[in-house]
Amino acid sequence: MNLRFLIIDDEPLAHKVILEYARDVPFLEPAGQYYSATEALAALNTREAELIFLDIQMPKLKGLDFLRTLNQRPLVIVTSAYEEYALESFELDVCDYLLKPFRFERFLKAVNKAYELHQLTHAAAPAPPPVSREPAPNEQKQLFIKADKRFVQVNLADIFYLESYGNYVKVWQGEEFLLTPRTLASFEGDLPESDFFRIHKSYIVQRQHIDYVEGNTLHLKNGKPLPIGKSYRQEVKQLFL
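Below you will find a few notes about this structure. (Residues numbered from 1 in each chain as written. Predicted model: local features only at pLDDT ≥ 70, side-chain atom pairs only at ≥ 80, totals over all residues. Heavy atoms only, no water.)

### As for the overall build of the chain
(1) Moving on: Counting its secondary structure elements, the chain contains seven helices and 15 strands.
(2) Moving on: Counting the 241 residues in the chain, one finds 46% classified as buried.
(3) Moving on: For the chain, long-range pairs separated by at least 24 residues make up 51% of all intrachain contacts whose partners lie at least 6 apart in sequence. (Helix = DSSP H or I, 4+ residues; strand = E, 2+ residues; numbered from the N terminus. Buried < 20%, exposed > 50% of the residue type's maximum accessible area, 1.4 Å probe, protein only. Contact = heavy atoms within 4.5 Å.)

### Remarks on the pairing of strand β3 (residues 51–54)
(1) Moving on: The alternating pattern of β3 places Leu51 and Phe53 and Ile52 and Leu54 on opposite faces, both of which are buried.
(2) Moving on: Note that strand β1 (residues 3–8) and β3 share four bridges and pair parallel. Along β3, the bridge assignment pairs Ile7 with Phe53.
(3) Moving on: Both β3 and strand β4 (residues 75–80) contribute to a ladder of four bridges, which runs parallel. Each bridged residue has a counterpart across the sheet, and for Phe53 the counterpart in β4 is Ile77. (Pairing = 2+ DSSP bridges.)

### Details of the pattern of salt bridges
(1) Moving on: Going through the model one piece at a time under the given rule, you end up with 11 salt bridges.
(2) Moving on: For Glu11, the salt bridge is made with Lys100, and the minimal N-O distance between the two is 3.7 Å. Taken as a pair, Glu11 in the loop between β1 and α1 (12–22) and Lys100 in the loop between β5 (96–99) and α5 (104–123) lie far apart in primary sequence, 89 residues in all.
(3) Moving on: Of the residues examined, Glu11 reaches a relative accessible area of 38% and is grouped as partly exposed.
(4) Moving on: Across the pair Glu88 and Arg68 runs a salt bridge whose closest N-O atoms are separated by 2.4 Å. Remark: Arg68 occurs in helix α3 (residues 63–69) and Glu88 occurs in helix α4 (residues 86–91); sequence separation between them is 20 residues.
(5) Moving on: Through salt bridges with shared partners, one network takes in Asp9, Glu11, Asp55 and Lys100. (Salt bridge = Lys/Arg side-chain N within 4 Å of Asp/Glu carboxyl O.)

### Here we look at the sheet that holds β3
(1) Moving on: Reading across from one edge, β2-β1-β3-β4-β5 is the order of the five strands in this open sheet, with parallel pairing throughout. At either margin of the open sheet sits one strand with a lone partner, and together these are β2 (28–34) and β5. On average, each strand axis in the sheet is inclined to that of its neighbour by 20°, with strand direction left out of account.
(2) Moving on: Strand contacts of α1: β1, β2, β3 and β4, with the helix running at about 165° to β1, the strand carrying the most contacts. (Axes fitted to C-alpha atoms, helices over the stretch in contact; angles between N-to-C directions.)

### Looking at the sheet that holds strand β8 (residues 161–165)
(1) Moving on: Pairing within the open sheet is antiparallel, and its five strands lie in the order β10-β9-β8-β12-β11. Pairing within the sheet leaves two strands with one partner each, and these edge strands are β10 (176–180) and β11 (196–200). In this sheet, neighbouring strand axes are inclined to one another by 25° on average, regardless of whether the strands run parallel or antiparallel.

Dropping the structure here:
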């Protein structure tokens, strides 16, 4: 089952990169190229496509405004040089957000996600189980996290830390994160207290990924520094006594 895709971007170089990458992905099939969102509006009524690679900053009609005009949307992967539109994009249920310039490995991860969603939709797969609110003590190994219109099973051991992002939370697994429409406080009841603890109003960290604490900064083993909130400093200090 192929994914027919459209490219909507005012930069010719962006078209070239996507087409070159797509040649190495067997299930991707080009179905059209457009250099403005207004051109693509008419084309979507006559040309079928399961996936759109969509730029944001385009003349006349911005990418996200274009997306809002669509009653029935294909899967959408945003390709943008501006990271500040990521949250707004995910609120519009885009499949992924690629920050230009992106490498083939990151492109492949995004299109694999789109392909899986397409297969699930057409196979009418049953919904994944809901997040457990009452995990058994010392038995919980995974957590289901809602992201990109689906529930993703995440191994707790893979979570480095959780970061508050307004009404969303970034669940960091190494250098990648899942963006989920929850608050940090809502996670505290789902995570085992023996492994996860809060160090700041905006951060919860996992104990096994901590390297050291220096002053008011906690350093993870991957080199990431995180601030320790004033009201949490004494509690963090107790962990290392």
